[in-house]
Amino acid sequence: MLDTQIILTIILLIIEVAAFAWLIIDMSKSKKKQDKIIELEHQILQLEESIMEQEKNIITEIKELKEIVSNK
């Protein structure tokens, strides 16, 4: 009976260690994915800023063209 309890305790301990290791590995993978998502979001923000700057330039040029046309 004592041998069976020791064996079951060892098996349970091995299962718990494996589960804990799996959680650590999963957390590490999740962190890497989260870092990649943040990096992509930063790139999207930079692209949006660039687009907005181009739109401002276009609006400015249109205003200048309107002034030139209205002065004629």
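What comes next is a walk through the structure. (Residues numbered from 1 in each chain as written. Predicted model: local features only at pLDDT ≥ 70, side-chain atom pairs only at ≥ 80, totals over all residues. Heavy atoms only, no water.)

1. Comments concerning the overall build of the chain
For step 1, the next point in the chain: Across its full length, the chain carries 1 helix and 0 strands.
For step 2, the next point in the chain: For 72 residues, the compact-globule estimate of 2.2 N^0.38 gives 11 Å, and the C-alpha radius of gyration of the chain, at 31 Å, exceeds that figure by more than 25%.
For step 3, the next point in the chain: When the 72 residues of the chain are sorted by exposure, 0% land in the buried category.
For step 4, the next point in the chain: Of the roughly 7,200 Å² of accessible surface on the chain, a fraction of 67% belongs to carbon and sulfur atoms.
For step 5, the next point in the chain: Distance from the positive charge centre (9 side chains) to the negative charge centre (13 side chains) of the chain: 5 Å. (Helix = DSSP H or I, 4+ residues; strand = E, 2+ residues; numbered from the N terminus. Rg over C-alpha atoms; globule rule 2.2 N^0.38 Å. Buried < 20%, exposed > 50% of the residue type's maximum accessible area, 1.4 Å probe, protein only. Areas by Shrake-Rupley, 256 points an atom, 1.4 Å probe, with all protein chains shown as cover. Lys, Arg positive; Asp, Glu negative; His and termini not counted. Charge placed at Lys NZ, Arg CZ, Asp CG, Glu CD.)

2. Things to note about a nonpolar patch on the surface
For step 1, the next point in the chain: Among the surface-exposed residues, Leu2, Ile6, Ile10 and Ile14 lie close enough to one another that they form a single nonpolar patch of about 400 Å² accessible area.
For step 2, the next point in the chain: Positionally, Ile10 belongs in helix 1 (residues 2-71).
For step 3, the next point in the chain: Take Ile10: its relative accessible area is 45%, and that puts it in the partly exposed class. (Patch = residues over 30% accessible without salt bridge, like charges linked within 9 Å, V, L, I, M, F, W, Y side chains within 5 Å. Salt bridge = Lys/Arg side-chain N within 4 Å of Asp/Glu carboxyl O.)

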